[in-house]
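Residues per chain, in single letters:
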Amino acid sequence: MRILLVASGYNSMTQRVHAELADGGHEVSVELALGDEVLRDAIRLFDPDLVIAPMLTKAIPADIWPARPCLIVHPGPVGDRGPSSLDWAIMSGAGRWGVTVLQANAEMDAGDIWASVEFTMPGRAKSSVYRTEVADAAARATAGAVCSGRSGRHAGRPTAGSTGPPSRPARCWPSCGRPTPAPASST
């Protein structure tokens, strides 16, 4: 299968998903999300069967996702939405978390679910959790999504390999933003 990875940066998550898909025998190309026209050109030139966004900080243009399957890798369990999900999970002391692969649509993180994988949250820094547990879950969920898409099993619900909906209600997290620096003290 020809798969185009679209990412805001070639970070550990993108690298991990890239390696997993390439090791699975797929023809994979990576395009950095440097603008909508760049993405349109990449799709036109590579002509992928599937577009996957392992780490994207902006929405896929509305003229792309209706024309071909575009999957978003979201670092949150089924029902979780928003740009700062992992931050909120860590700040709230969540014991379990997950990664959901869903189809892009007009509403952020609200498309049909193709796969999901949950994991136990360790008590470590965000960067460590992102590079290990989240990246591991993302690689497994993405491989599962590609497999379910190939067999036509995704059908807008968790797939057989999914852990299913979490026991918590759906939530759309606001952006955490950047912390405001403390004012300098005058001593």
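Residues numbered from 1 in each chain as written. Predicted model: local features only at pLDDT ≥ 70, side-chain atom pairs only at ≥ 80, totals over all residues. Heavy atoms only, no water.

A.B. asks: I would appreciate a short explanation of the environment of Glu107 in the present structure.
C.D. replies: Structurally, the position occupied by Glu107 is in the loop between strand S6 (96-103) and strand S7 (113-120). As for Glu107 and Ala59, which are separated by 48 residues in sequence, their C-alpha atoms are 9.3 Å apart. Reaching out from Glu107, the side chain makes a polar contact with the side chain of Arg81 at a distance of 3.0 Å. (Helix = DSSP H or I, 4+ residues; strand = E, 2+ residues; numbered from the N terminus. Polar contact = N/O pair within 3.5 Å; in protein donor to acceptor, adjacent residues only side chain to side chain.)

A.B. asks: What exactly am I supposed to notice about empty space enclosed by the protein here?
C.D. replies: With a probe scaled to a water molecule rolled over the atoms, the places where space remains empty come into view. Inspection of every chain in the model, using the stated rule, returns 1 cavity of 30 Å³ or more. Approximately 50 Å³ is the volume found for the largest cavity. Lining the largest cavity are Val6, Ala33, Gly35, Asp36, Leu39, Leu56, Lys58, Ala59, Ile60 and Pro61. Class assignment for the residues of the lining of the largest cavity results in 7 nonpolar, 1 polar and 2 charged. (1 Å grid on protein atoms, 1.4 Å probe; cavity = no way out; pocket = protein on both sides within 12 Å on 5 of 7 lines; lining within 4 Å. Points joined across faces, edges and corners; volume = space filled by probe spheres on them. Nonpolar A, V, L, I, M, F, W, Y, C, P; charged D, E, K, R; others polar.)

A.B. asks: Which parts of the structure should I look at to understand the nonpolar core?
C.D. replies: Nonpolar side chains tend to gather and get buried jointly when the protein is soluble and globular. Among the nonpolar cores identified, the biggest contains 29 residues, and Leu21, Ile52, Val99, Phe119 and Val134 are the most heavily contacted of them. Of all hydrophobic cores here, the second largest spans 15 residues; its members include Ile43, Ala53, Ile64 and Leu102. (Core = buried A, V, L, I, M, F, W, Y, C linked by side-chain atoms within 4.5 Å. Buried < 20%, exposed > 50% of the residue type's maximum accessible area, 1.4 Å probe, protein only.)

A.B. asks: What am I meant to see in the environment of Val6 here?
C.D. replies: Relative to the helices and strands, Val6 resides in strand S1 (residues 2-7). Here the alpha-carbon distance between Val6 and Pro54, two residues 48 residues apart in the chain, equals 7.1 Å. Beyond its immediate stretch of four places on either side in the chain, Val6 contacts Glu31, Ala33, Leu39, Val51, Ile52, Ala53, Pro54, Met55 and Leu56. (Contact = heavy atoms within 4.5 Å.)

A.B. asks: Could you clarify how one ought to interpret helix H2 (residues 36-46) in this entry?
C.D. replies: Those residues of H2 that fall on the buried side of the exposure criterion are Leu39, Ala42, Ile43 and Phe46. End-on, the buried residues of H2 take up no more than an arc of 95°, which puts them together on one face. Opposite the buried face of H2, at more than 90 degrees from it, the exposed residues are Arg44 and Leu45. Note on H2: the residue one or two positions beyond its end, Asp47, has a positive phi of about 50°. (Arc of directions from axis to C-beta.)

A.B. asks: Would you mind going over the packing of aromatic side chains with me for this structure?
C.D. replies: As enumerated under the stated definition, the model contains 0 aromatic pairs in all. Sitting above the plane of the Phe46 ring, Arg2 keeps its charged end 4.0 Å from the centroid. (Phe/Tyr/Trp six-rings, centres within 6.5 Å; stacked < 30°, edge-to-face > 60°. Lys NZ or Arg CZ within 6 Å of the ring centre and 35° of its normal.)

A.B. asks: Would you mind showing me how to read the layout of surface pockets here?
C.D. replies: Its volume calculated, the largest pocket comes out at about 660 Å³. Along the walls of the largest pocket sit 32 residues, with Leu56, Thr57, Pro83, Met108 and Asp109 positioned nearest its centre. Listing elements by their share of the lining of the largest pocket, those giving two or more residues are strand S3 (50-55), strand S4 (70-74), helix H3 (85-91), S6 and helix H4 (126-151). Each residue belonging to the lining of the largest pocket can be placed in one class, and the counts come to 19 nonpolar, 8 polar and 5 charged.

A.B. asks: What is the right way to look at the pairing of S3 in this model?
C.D. replies: Consecutive residues of a regular strand have side chains that alternate between opposite faces of the sheet. In terms of burial, S3 is largely enclosed, as 6 of its 6 residues are buried. As judged from the 4 bridges shared by S1 and S3, these two strands associate in the parallel manner. What sits directly across from Ala7, in S3, is Met55. Pairing geometry for S3 and S4, over 3 bridges, is parallel. Note that in S4 the partner of Val51 across the bridge is Cys70. (Pairing = 2+ DSSP bridges.)

A.B. asks: Which parts of the structure should I look at to understand the sheet that holds strand S2 (residues 27-32)?
C.D. replies: Strand-to-strand pairing in sheets goes through backbone hydrogen bonds, with the strands running parallel or antiparallel. Strand order in the open sheet made by the 6 strands is S2-S1-S3-S4-S6-S7, with mixed pairing throughout. Each end of this open sheet is capped by a strand with a single partner; those strands are S2 and S7. Each strand of the sheet is rotated relative to its neighbour by a mean of 20°, with strand direction disregarded. The sheet contact formed by S1 and S2 spans 6 bridges and is parallel. Looking at the pairing, Ala7 lines up with Leu32 of S2. (Axes fitted to C-alpha atoms, helices over the stretch in contact; angles between N-to-C directions.)

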